[in-house]
Amino acid sequence: MDDHSQTGGQSLGQSSRHSLSESLSRDIAEIDASLERVLVSGVVTGGDEQARPVIAELRRLSAEQGLGGLREFVRRLDLSTIHAVLKTLTVRFHLVNKAEQLEIARINAAREREATPERPRAESLFEVVSKLRAEGRDEAGVRELFSRLDIQPTLTAHPTEARRRSVLAKQGVIADTLAELHADPDGPSSAGLRDRLDQMVALLFVTDEVRSQRLRVEEEVNNGSYFLANTIWEAVPRIVRDVQRALGSDAPVATVPVRYRSWIGGDRDGNPFVTATVTRSAMGHLAELARRKHDGELEKLRQMLSVSDKRVPTPERLAASIARDESLGLVSEDSQRQIMHEPYRRKLLHMRAKLAESGADPEVYTGAGLIEDLEDIASSLDESGLGHLAARGPLADAIVRAKTFGLHLATLDVRQHSGVHERAVGEMLELAGVESAYASLDERAKLELLERELSSPRPLLPMGAPVGDETREVLDVFRVVGDALRRDREHVRSYIVSMTHDLSDLLEVLILMKETGLYRVGRSDDGSAVVESDLDVVPLFETIDDLERAPGLTEELYGSAVYAPQLAARGRFQEIMLGYSDSNKDGGYWIANWSLHKAEDALSRVADDAGVALRLFHGRGGTVGRGGGRANRAVLATPPASRTGRFRVTEQGEVITFRYALPAIAKRHLEQMVGAVLYGLHDAEARPESDMHGPRVELMERLAGASRDAYRELIDDDGFWAWFAAVSPIAQISKLPIASRPVSRAKGSVDLGSLRAIPWVFSWTQMRTNVPGWYGIGTALSAEIDAGRLDTLRALYGRGGKDGDGQSELGWPFFRLLIDNAQQEMARARLEVLEQYAAHWGPAKPLDMIRAEFDRAESAVLAITGQSRLLESNRVIRALIDARNPDTDVLNALQVELRARGQEEVDPQLSAAVSLSINGVAAAMQSTG
């Protein structure tokens, strides 16, 4: 369908599909044909029609002469032509990304259709339940295991989604159109479908790819809630249905496995735009959206449940429930006149009225009340012999959604930097006349002072005390949280403390909670102190040093007399967050992952010894350098001690868009995650032995140390930062209006220390080098291979033989995950591209170091995995990478040329073209930070 014969060889379709599947190639051909029609038709203005012959020549030069062949040609291009090429290739990559998502959905659907009870689909809940039964769990055992799952994906607003909502919406229409065309490419509706496709493609050409202004936090809240209220809303009940079908039973599942959390509007660490007012607004928006979604569910049930009491007697339970509702006086008798003999419709009418009223008066209806009413309807139907209406279908789904989303949709977290709390508490202590130099006290003195204050019920601040703006804002946040909790206990549950270094960092939060009524000190009849606490206080360990110190700190925390009342008040439950970004930026890929693995194991054991129920919260980003990758594989690679069924993980930016843009992919993502946590819990109980064996740990420590040293040698080099700032597009990335959060923690100029991890990774991704996802492993692994330990490394990877502990040939999932994630990042890398960036901005030392380390890493990975080429064992991903490289090379060549022209500050058109090139490379790489 590329139609080369009609375009003189200047088709936008690639000459080779790089071994892509026939179905994906068909969709890409459909996309290319649409692009051709749109450009040839002249509908597109602004010179974009110039792109076709230029792209054809760029591809020819790249194929025949490599990246170097592009250099002279792009230098001769004028700005309008460059812009046209960038726009065309960016649009094409966005469309190809949609085609790949559709291919994933098709493959999943086909495998689901082909699955049988004897051969369930891989990584499905059917497969997991089958494995559990084969390993000795009966139906009751599986249900019990399932009831212990507490999985909480957490949406964040981190700036890793460069596309606008208007662009995403058009891509959604294009995806639907492609799916219809794929099903019947020559059918009677195909001409109309292609016309719709062309319209959407044309609109993409005339829509600004990059926002003109930064998003406001309120807009980020709207973006995140869009997915919650659509694909996520639809996907969660399907997971529960799958479990019921896998068990071969319609009996309801006692609990739901997944509940969503959000940081959007609550995460204020380094973001001055997230204020107490914004947090209040975010919770209000989520609650209003939840009410609208549940109202829609109740309307569906009203249409369905036209059961007449003339045909079926009304159960006493339902009659009593309706009588209680009528006593509220929210529904008039006249409005019930037509349905007096339809009790279920009367009940649902009252439920909708209570739901509407709850916005103004939360005491009228709660999430628990909604669940109770829906379960009353289900029980009444069952009692009347209509249980099949409750076991599956809209009512069963409505109950699952009520349990999952409540009347809050997603529970909001609040996060703030520990330094902000220290300053606020210090000011309060000074105003109270308790201590004038709190920040200068050593840790022991701080703890003694904080313990005294926490044991006293009195507030610190006198009435109307004049506090500074920062302290007032901190206290206002806690007051907003208190107001929200009085409306709905699920609005907020956790307060996360960034950069937790000491026990005092957590106790300071308790002081602030006590000041605002969220931590209340009382006395029991025997005179002992009794504490009520409304929030979990969650330490966030982010740096390598903090991860190393975390187990000792939490042991001190659990043994602390002053923290004991908080633990008791929260049911001896503690959540701990682990950061995957700053630890990588701090020490590199291998030591970051190893430090996290050790921390997960040690923190789990410390909590178990202290009788504390622990939930680890994994702060993963989208890329491998920030902890990204497939969540289900990551779960099964965690230490057995940490697999408790309680699992939290962040999802952000383009990861949210990829996982939740299409319903089929959203469901697949959830079933993989739920299945992994379910099987991981079972496996940890069946085989609880630690994976931290002596020689294995010694090997990993050597690898981590050598890898960190190699990484630090690169970034600590005297000329590195100046080279990186000149070579990379970091300055341009810092200006992109892709989120409300600044790219640096410091005001003014940006340096490596203050730079956030996201733009750090984003910059390397743009240069196609992905340094945070592999650098340092070449030096580390090569040293072990040179020392004669290749067989041990192969055994850990799972290639046979025995590892250093004499363990089995099956390998170590954690080690294999590290190698496979690194090789995927390396396979996506193109050092030739980095050389083009560096050719314009020297010196060459960091480039030489990166090139040499890559060669060492590639050689070591191939030796360990037994491949002749990176990702050889995953031919699908390898083919997709190969298919993308030619056009991505063109985008990089154009970006280098634009930046070399050096007039961005005075030429808005040039600056816009650079921004478009960044967006294009992000689309091609399918990742930013």
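Residues numbered from 1 in each chain as written. Predicted model: local features only at pLDDT ≥ 70, side-chain atom pairs only at ≥ 80, totals over all residues. Heavy atoms only, no water.

### Some points on the overall build of the protein
In terms of helices and strands, the protein carries 37 helices and 10 strands. In terms of overall dimensions, the protein is globule-like: its C-alpha atoms have a radius of gyration of 29 Å, near the 30 Å expected for 929 residues. By principal-axis analysis of the C-alpha atoms, the protein measures approximately 85 × 75 × 60 Å. When each of the 929 residues of the protein is scored for burial, the buried share is 60%. Considering only intrachain contacts with a sequence separation of at least 6, the fraction spanning at least 24 residues in the protein is 80%. Accessible surface, the protein: about 35,400 Å² in total, of which carbon and sulfur atoms supply 50%. Treating the 115 positive side-chain charges of the protein as one cloud and the 139 negative ones as another, the clouds have centres 3 Å apart. (Helix = DSSP H or I, 4+ residues; strand = E, 2+ residues; numbered from the N terminus. Rg over C-alpha atoms; globule rule 2.2 N^0.38 Å. Buried < 20%, exposed > 50% of the residue type's maximum accessible area, 1.4 Å probe, protein only. Contact = heavy atoms within 4.5 Å. Areas by Shrake-Rupley, 256 points an atom, 1.4 Å probe, with all protein chains shown as cover. Lys, Arg positive; Asp, Glu negative; His and termini not counted. Charge placed at Lys NZ, Arg CZ, Asp CG, Glu CD.)

### Some remarks on the environment of Ile-377
Structurally, the position occupied by Ile-377 is in helix 13 (residues 367-383). The spatial distance from the C-alpha of Ile-377 to the C-alpha of Pro-315 is 9.6 Å, given a sequence separation of 62 residues. The contact partners of Ile-377, leaving out residues within four places of it in the chain, are Leu-305, Tyr-344, Lys-347, Leu-348, Met-351 and Leu-395.

### Points about the pattern of salt bridges
Considering all chains together, one arrives at 89 salt bridges under this definition. One salt bridge in this structure joins Glu-299 and Arg-352, with 2.6 Å as the shortest N-O distance. Linking Glu-299 in helix 10 (residues 276-304) with Arg-352 in helix 12 (residues 343-358), this pair joins segments that are 53 residues apart in sequence. In this structure Arg-352 comes out as partly exposed when scored by relative accessible area, which is 26%. When the shortest N-O distance is used, the salt bridge between Arg-712 and Asp-716 registers 2.7 Å. Under the relative-accessibility criterion, Arg-712 is labelled partly exposed at 27%. Overlapping salt bridges bring together Glu-112, Arg-121, Glu-123, Asp-242, Arg-245, Lys-667, Arg-668 and Glu-671 as one network. (Salt bridge = Lys/Arg side-chain N within 4 Å of Asp/Glu carboxyl O.)

### Overview of the sheet that holds strand 3 (residues 411-417)
Within the closed barrel, the eight strands sit side by side as 1-2-3-4-7-8-9-10. Their pairing is parallel. As paired strands, strand 8 (residues 573-579) and strand 9 (residues 613-619) are joined by seven bridges and run parallel to one another. In the strand pairing of strand 9, Gly-579 is matched with Gly-619. (Pairing = 2+ DSSP bridges.)

### Remarks on the packing of aromatic side chains
Within the structure shown, the criterion is met by 20 aromatic pairs. Put simply, the rings of Phe-720, Trp-721, Trp-723, Phe-724, Trp-760 and Trp-764 pair up and form one aromatic cluster. Here Arg-696 stacks its cationic end above the ring of Trp-812, 4.3 Å away from the centre of that ring. Above the face of the Tyr-797 ring, Arg-816 is positioned so that its terminal group lies 4.1 Å from the ring centre. (Phe/Tyr/Trp six-rings, centres within 6.5 Å; stacked < 30°, edge-to-face > 60°. Lys NZ or Arg CZ within 6 Å of the ring centre and 35° of its normal.)

### Concerning the packing of helix 10 against helix 15 (residues 394-405)
Any two packed helices are characterised by the angle at which their axes cross and by the distance between the axes. Orientation of helix 10 relative to helix 15, taken along the N-to-C sense of each, is 160°, at an axis distance of 10 Å. What the angle tells us is that helix 10 and helix 15 run roughly antiparallel. As helix 10 runs across helix 15, the sense of the crossing is left-handed. Of the residues in helix 15, those touching helix 10 at His-294, Glu-297, Leu-301 and Met-304 are Pro-394, Leu-395, Ala-398, Arg-401, Ala-402 and Phe-405. (Axes fitted to C-alpha atoms, helices over the stretch in contact; angles between N-to-C directions. Parallel < 35°, antiparallel > 145°, perpendicular 65-115°, else oblique. Left-handed = near helix turned anticlockwise from the far one by under 90°.)

### Some details on helix 3 (residues 67-75)
Along helix 3, the residues that are buried comprise Leu-67, Gly-69, Leu-70, Phe-73 and Val-74. For helix 3, the angular spread of the buried residues around the axis is 140°, confining them to a single face. (Arc of directions from axis to C-beta.)

### Re the confidence of the model for the protein
Low pLDDT marks regions whose predicted coordinates should not be analysed in detail. Across the protein, pLDDT averages 88, with 91% of residues at or above 70. Under a pLDDT of 50 for its full length, residues 1-9 has, in the predicted model, 16 contacts with residues more than four places off or in other chains. (pLDDT = per-residue confidence, 0-100.)

### Remarks on the environment of Ser-384
Within the element layout of this structure, Ser-384 appears in the loop between helix 13 and helix 14 (387-391). Sequence separation between Ser-384 and Glu-342 is 42 residues, and the spatial gap between their C-alpha atoms is 14 Å. With near-sequence residues (within four places) excluded, Ser-384 lies in contact with Val-312, Pro-313, Pro-315 and Tyr-344.

### A word on the pairing of strand 8
For strand 8, a buried count of seven out of seven residues is recorded, marking the element as mostly surrounded by other parts of the structure. By the alternation rule, side chains of strand 8 split into Phe-573, Glu-575, Met-577 and Gly-579 and Gln-574, Ile-576 and Leu-578, which are all buried. Relative to strand 8, strand 7 (residues 536-541) is paired through two bridges, and the arrangement is parallel. Note that in strand 8 the partner of Leu-540 across the bridge is Met-577.

### Points about the pairing of strand 7
For strand 7, a buried count of six out of six residues is recorded, marking the element as mostly surrounded by other parts of the structure. Residue alternation in strand 7 divides its side chains into two sets, Asp-536, Val-538 and Leu-540 and Val-537, Pro-539 and Phe-541, and both sets are buried. Relative to strand 7, strand 4 (residues 492-498) runs parallel, the two sharing four bridges. Opposite Ser-494, over in strand 7, you have Asp-536 as the bridge partner.

### Details of helix 34 (residues 831-840)
Every buried residue of helix 34 is accounted for by Leu-831, Val-833, Leu-834, Gln-836, Tyr-837 and Ala-838. Elements in contact with the buried residues of helix 34: helix 3, helix 28 (720-727), helix 30 (757-766), helix 35 (845-865) and helix 36 (875-901).

### Some details on the side chain of Thr-865
One can find Thr-865 in helix 35. Exposure remark for Thr-865: the relative accessible area of 10% places this residue in the buried category. Engagement of the side chain of Thr-865 in a polar contact is seen with the backbone oxygen of Val-861, the distance being 2.8 Å. When sequence neighbours within four positions are dropped, the list of residues in contact with Thr-865 reads Tyr-797, Arg-799, Ile-819 and Gln-823. (Polar contact = N/O pair within 3.5 Å; in protein donor to acceptor, adjacent residues only side chain to side chain.)

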